Amino acid sequence: MAYFPIFVDLKDKNVVIIGAGDIAYRKVEVLLPFHPKITVIAKKVNEKIKELFFSKKIDLKIKQFDENDIQQDHFLVVVAVDDLELQKRISQICSKKNILVNSVDSKEYCSFIFGSIIHDGDLVIGINTSSKAPAVSKALKAYLMQRLPKNIENLIEKVSKLRKIDTKNMQIEIKKFFNDAKN
Ligand SMILES: C[C@@]1(CC(=O)O)C2=NC(=C\c3[nH]c(c(CCC(=O)O)c3CC(=O)O)Cc3[nH]c(c(CC(=O)O)c3CCC(=O)O)/C=C3\N/C(=C\2)[C@@H](CCC(=O)O)[C@]3(C)CC(=O)O)/[C@H]1CCC(=O)O
Ligand SMILES: NC(=O)c1ccc[n+]([C@@H]2O[C@H](COP(=O)([O-])OP(=O)(O)OC[C@H]3O[C@@H](n4cnc5c(N)ncnc54)[C@H](O)[C@@H]3O)[C@@H](O)[C@H]2O)c1
């Protein structure tokens, strides 16, 4: 079954990542440009995540997970531990509290999944395969990145100014941009 994409405002929202290995790091990296307040909780922490903590980009708690780590003011939780039973347990705790949860080993324990993301200023494109083939999402991102028209951020800026004052010229600018991009 396909997943509906929504674009969420994460600024200053409390995001908790359980686990601090390579996969947790990947999830942290992809979230950081959207400015949430990230806390990583794990027994063992890899060097790249320690660096993010020392450069004050994230908060870090080195401990074994317990139920009190999930609080009602948490907006979103990512469970990136190498333990499927724990993924299931944390997913159930989050569901009871109506907190969005992503679990890295099983879509059954996810209320949302990550897409492969193209992020360039105000432009965000999310790709997913309904959890079937993440490697295809990654490859499609590379394919699209090579083919996206250049300077699309300039068009976005121009149109954001025009749309309130001159919709006719707005449409002309959009048409012209994509016509030029084809050539
Ligand atoms: C898109 C991306 C975003 C991101 O992670 O930020 C992402 N996975 C990426 C890469 C990737 N993941 C895996 C491989 C190895 C090849 C392979 O196994 O296929 C590669 C390729 C690589 O790393 O090169 C292994 C894997 N992934 C999942 C499982 C468990 C399962 O399938 O049940 C396993 C097996 C674990 C194991 O047992 O080994 C599950 C999920 N992975 C998702 C997202 C969600 C579905 C998105 C979709 O529908 O496309 C979902 C459901 C949950 C979630 O994580 O949100 C990111 C590309 C980022 C980029 O663009 O660079
Ligand atoms: N979703 C995806 O895209 C994707 C891709 C590849 C792999 N995976 C899966 O992601 C999982 C994590 O992979 P990894 O390479 O980052 O693993 P890892 O072993 O490097 O890291 C696991 C982390 O979980 C922590 N942890 C485990 N039990 C804990 C507990 N009880 N309390 C607190 N912390 C605990 C460990 O301390 C460690 O920091 C694997 O199970 C793997 O199959 C998912």
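For the structure itself, look to the data block above.
Predicted model, so just to flag it, every value in this text is computed and none were measured.

Caption draft 1: Inspection of the site of ligand 2 at higher detail. Residues in close proximity to ligand 2 total 18 residues, the closest being Ala-20, Arg-26, Lys-44, Phe-65 and Asp-105. In this structure, a nitrogen atom belonging to ligand 2 sits 3.2 Å away from a main-chain N or O atom of Lys-43. Within the side chain of Asp-105, an N or O atom sits 2.3 Å from an oxygen atom of ligand 2. Contact with the protein chains hides 70% of the accessible area of ligand 2, taken as 880 Å² for the molecule alone. Top contributing element to the shell around ligand 2 by residue count: helix H1 (residues 22-31), with 3 residues.

Caption draft 2: Molecular detail of the site of ligand 1. In the vicinity of ligand 1, 18 residues are found, and the nearest of them are Lys-27, Asn-102, Ser-116, Ser-131 and Ser-137. Within the side chain of Ser-137, a nitrogen or oxygen atom sits 2.5 Å from an oxygen atom of ligand 1. Protein burial of ligand 1: of its 1100 Å² of free accessible surface, 66% is covered by the chains. At the level of elements, H1 and helix H4 (134-147) are the ones that each hand at least two residues to the shell around ligand 1.

Calculation notes
- Residues numbered from 1 in each chain as written.
- Chains lettered and ligands numbered in written order.
- Predicted model: local features only at pLDDT ≥ 70, side-chain atom pairs only at ≥ 80, totals over all residues.
- Heavy atoms only, no water.
- Near = heavy atom within 4 Å.
- Polar contact = N/O pair within 3.5 Å; in protein donor to acceptor, adjacent residues only side chain to side chain.
- Areas by Shrake-Rupley, 256 points an atom, 1.4 Å probe, with all protein chains shown as cover.
- Helix = DSSP H or I, 4+ residues; strand = E, 2+ residues; numbered from the N terminus.

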